[in-house]
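The residues making up each chain are set out below.
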Amino acid sequence: MHVRKISADLLISVSTPALIKGVVVLDDDGTIVLIGERKDFDPADLEIYDGIICPGFINAHCHLELSYMKGKIAEKKGIAQFIIDLIDYRNGFLLSGEDLIVTDEIDTAIRNATAEMQENGIIGIGDISNERYTFSTKANNPLRFHTFIECLGFFPDKAEKYFQHSKDVFEKARALKLAASITPHAPYSVPPGLFQKIFSYQENNPAIYSYHNQESAAESTFFKNGAGDLLKVFQHFNIPSSIHFPTGKNSLQSVINYFPDSKKTLFVHNTFSNADDILLITERLPEAYFCFCPNANLFIENHLPEFSLFANYHDRICIGTDSYASNHQLSVLEEIKTIQRYHPSLATIDLIKWSTLNGAKFFGWDRELGSIEAGKKPGLNLIINTTPSFQFKENTTIQKLI
């Protein structure tokens, strides 16, 4: 059996304390045999690198099927204009040519984006799908995927139609043996009856959920008094605003009771969440996790979450890239670099945990992925060009080793 012995300036295994000049020993299929210190090995037997070795990344929130929108949506216009521009571009693109040609362009963009993520050291992906465009790529790919079939629609009396569409997509995923679950999109796009249909569905495998939470200040204004920027979306698409009834509470408070407390839910973005919101989620939903997509938050709202409010939840935080409709790259490293640039007090070791083991635990992949431990096959990344104290720099890059 061929064995590789790989060492770097710092080894962040995630599950155990970081090792200066640590060594990871692997067999020929990438399974970890053991970890140790460089002084215990013959230097001639080692592959020695400058930088940080860490496990493969988990991209907990992505929209691969939007990869054809790369560079097509204007930045920093707010969530309402982003939604309008995205839907208008999508509708125009889908009508732009013959179905086979359009589908081929979408498929090529998805495959290129997936290859980019793999090159960027991502080994597992939580991916949002509204249609089946990504399924052939996922069915024939070494990356680990969970597909969230995103269910949404604005008209309460059409809840059954919206849900049936999601069930049809879900069944196509399951026919290809893809892990999948039907999940709600966001508070303003899921009427009460649709929430109930989603969370009463028993076929999800595994039964985990993803949810766009407090991505903008506009959604809470909309729920409190029926006003604000989100009205532009209703007006643009000729949706009567009368179908929405203000609750007098913010968006999270208005919908939190629909969520099952015994299931894992990934609350994504949390850009405008405050301390009371976070406490409400964690007390009401003990299996809740949080996912940050900072570059998308800057792209859409030019605003970041208050990361310090999540200081007590380091075991529940994941990292996502969102989509090429709202980002310039699909790189988990670039996301955690952005977080540390704005909040330099956040330690590199914690950010690596957010982007590896926490995501693996949420998706149930932690027996193989997420940390460098004997018996696991987590992939290995080399993070290059950090400060002497292992903080990220603007030109910090990544090399996928395994």
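The shown structure was predicted, so the numbers you read here are calculated from the model rather than taken from an experiment. (Residues numbered from 1 in each chain as written. Predicted model: local features only at pLDDT ≥ 70, side-chain atom pairs only at ≥ 80, totals over all residues. Heavy atoms only, no water.)

## Regarding the packing of aromatic side chains
In step 1: Scanning all chains against the criterion turns up 26 aromatic pairs.
In step 2: Plain terms: the ring middles of Phe 148 and Phe 363 are 6.0 Å apart, the flat faces sit at 50° to each other, and that makes the pair tilted. Here Phe 148, found in strand S8 (residues 144-151), pairs with Phe 363, found in helix H13 (residues 357-363); they are 215 residues apart in sequence, far enough to count as distant.
In step 3: Residue classification places Phe 148 among the buried positions, given a relative accessible area of 0%.
In step 4: Each ring, one from Phe 199 and one from Phe 259, has its centre 5.0 Å from the other, and the planes form 50°; the classification is tilted. In this pair, Phe 199 sits in helix H5 (residues 192-200) while Phe 259 sits in the loop between helix H8 (251-255) and strand S11 (264-269), placing the two residues 60 residues apart along the sequence.
In step 5: Look at Phe 199 and you get buried, because its relative accessible area is 12%.
In step 6: An aromatic cluster is present here, built from Phe 195, Phe 199, Tyr 209, Tyr 211, Tyr 258, Phe 259 and Phe 267 joined pairwise through their rings. (Phe/Tyr/Trp six-rings, centres within 6.5 Å; stacked < 30°, edge-to-face > 60°. Helix = DSSP H or I, 4+ residues; strand = E, 2+ residues; numbered from the N terminus. Buried < 20%, exposed > 50% of the residue type's maximum accessible area, 1.4 Å probe, protein only.)

## Some thoughts on the sheet that holds strand S10 (residues 208-213)
In step 1: The parallel open sheet is built from four strands, whose spatial order is S10-S11-S12-S13. With partners counted over all chains shown, the strands left at the sheet margins are S10 and strand S13 (317-319), one partner each. Strand-to-strand, the axes of this sheet are offset by a mean angle of 30°, without reference to chain direction.
In step 2: Relative to S11, S10 is paired through six bridges, and the arrangement is parallel. The residue bridging Tyr 209 from the neighbouring strand is Thr 265, located in S11. (Pairing = 2+ DSSP bridges. Axes fitted to C-alpha atoms, helices over the stretch in contact; angles between N-to-C directions.)

## A few points about the confidence of the model for the protein
In step 1: For the protein, the mean per-residue pLDDT works out to 96, and 99% of the residues sit at or above 70.
In step 2: Ranking the elements of the protein by mean pLDDT puts helix H2 (residues 99-119) last, at 91, and strand S6 (residues 57-62) first, at 99. (pLDDT = per-residue confidence, 0-100.)

## Overview of the pairing of strand S5 (residues 47-55)
In step 1: Looking at chain direction, strand S1 (residues 3-11) and S5 are connected through five bridges and run parallel. Bridge pairing in S5 places Ser 7 opposite Ile 48.
In step 2: Where S5 meets strand S14 (residues 380-384), four bridges bridge the pair, whose relative direction is antiparallel. When the bridges of S14 are listed, Ile 52 appears paired with Ile 383.

## Comments concerning the environment of Ile 125
In step 1: In this fold, Ile 125 is placed in strand S7 (residues 122-129).
In step 2: Among the residues examined, Ile 125 registers a relative accessible area of 0% and is labelled buried.
In step 3: In sequence terms Ile 125 and Arg 144 are 19 residues apart; their C-alpha atoms lie 6.2 Å from each other.
In step 4: Residues within four places of Ile 125 in sequence aside, it is in contact with Asn 59, Cys 62, Met 117, Leu 143, Arg 144, Phe 145, His 146 and Trp 365. (Contact = heavy atoms within 4.5 Å.)

## Here we look at the sheet that holds S7
In step 1: Sheet architecture is open: four strands sit in the order S6-S7-S8-S9, paired in parallel fashion. Only two strands of the sheet have a single neighbouring strand rather than two, namely S6 and strand S9 (180-184). Sheet twist, expressed as the mean angle between neighbouring strand axes with direction ignored, is 20°.
In step 2: Relative to S9, helix H4 (residues 159-175) is tilted by about 160°, and along the sheet it contacts S8 and S9.
In step 3: Those strands touched by H5 are S8 and S9, and its axis lies near 160° from that of S9.

## Some words on the packing of H4 against H5
In step 1: Their axes nearest at 9 Å, the elements H4 and H5 cross at an angle of 35°. The hand of the H4/H5 crossing is right-handed. Mapping the contact onto sequence places Ala 159, Glu 160, Tyr 162 and Phe 163 in H4 and Gly 193, Leu 194, Lys 197 and Ile 198 in H5. (Left-handed = near helix turned anticlockwise from the far one by under 90°.)

## Brief notes about the side chain of Glu 65
In step 1: Positionally, Glu 65 belongs in the loop between S6 and helix H1 (78-94).
In step 2: In terms of polar contacts, Glu 65 uses its side chain to reach the backbone amide nitrogen of Asn 130, at 2.8 Å. (Polar contact = N/O pair within 3.5 Å; in protein donor to acceptor, adjacent residues only side chain to side chain.)

## Quick word on H4
In step 1: Taking 1.5 Å per residue, 17 residues should reach 24 Å; H4 reaches 24 Å between its end C-alpha atoms and fits that length.
In step 2: Every buried residue belonging to H4 is among Ala 159, Tyr 162, Phe 163, Ser 166, Val 169, Phe 170 and Ala 173, and all of these are buried. Down the axis of H4, the sector holding all buried residues measures 120°, keeping them to one side. Looking at H4, the residues exposed on the side facing more than 90 degrees away from the buried face are Lys 161 and Ala 175.
In step 3: Residues of H4 that are buried in the fold lie against helix H3 (135-139), S8, S9 and H5.
In step 4: Count one or two residues on from H4 and you reach Lys 177, which has phi positive near 60°. (Expected span 1.5 Å × (residues − 1). Arc of directions from axis to C-beta.)

## Notes on the nonpolar core
Where a protein is soluble and globular, its nonpolar side chains tend to be buried together.
In step 1: By size, the foremost hydrophobic cluster in this structure holds 96 residues, and its most contacted members are Phe 57, Ile 198 and Phe 267.
In step 2: The biggest single contributor to this core is H1, with eight residues.
In step 3: Those residues within four positions of Ile 198 in sequence are excluded, and the remaining contacts are Cys 151, Phe 163, Ile 182, Thr 183, Pro 184, Val 190 and Tyr 209.
In step 4: Counting 18 residues, the second-largest nonpolar core is a separate cluster that includes Ile 128, Val 268, Tyr 289 and Cys 293. (Core = buried A, V, L, I, M, F, W, Y, C linked by side-chain atoms within 4.5 Å.)

## Thoughts on helix H9 (residues 275-284)
In step 1: Taken as a whole, H9 has its buried residues at Asp 277, Ile 278, Ile 281 and Thr 282. For H9, the angular spread of buried residues about the axis comes to 125°, placing them on one side. Turned more than 90 degrees from where H9 packs its buried face, Asp 276 and Glu 283 sit exposed.
In step 2: By the N-cap criterion, in which a side-chain oxygen at the helix start approaches the backbone nitrogen of a residue two or three places on, H9 is capped by Asn 274, the distance to Asp 276 being 3.0 Å.

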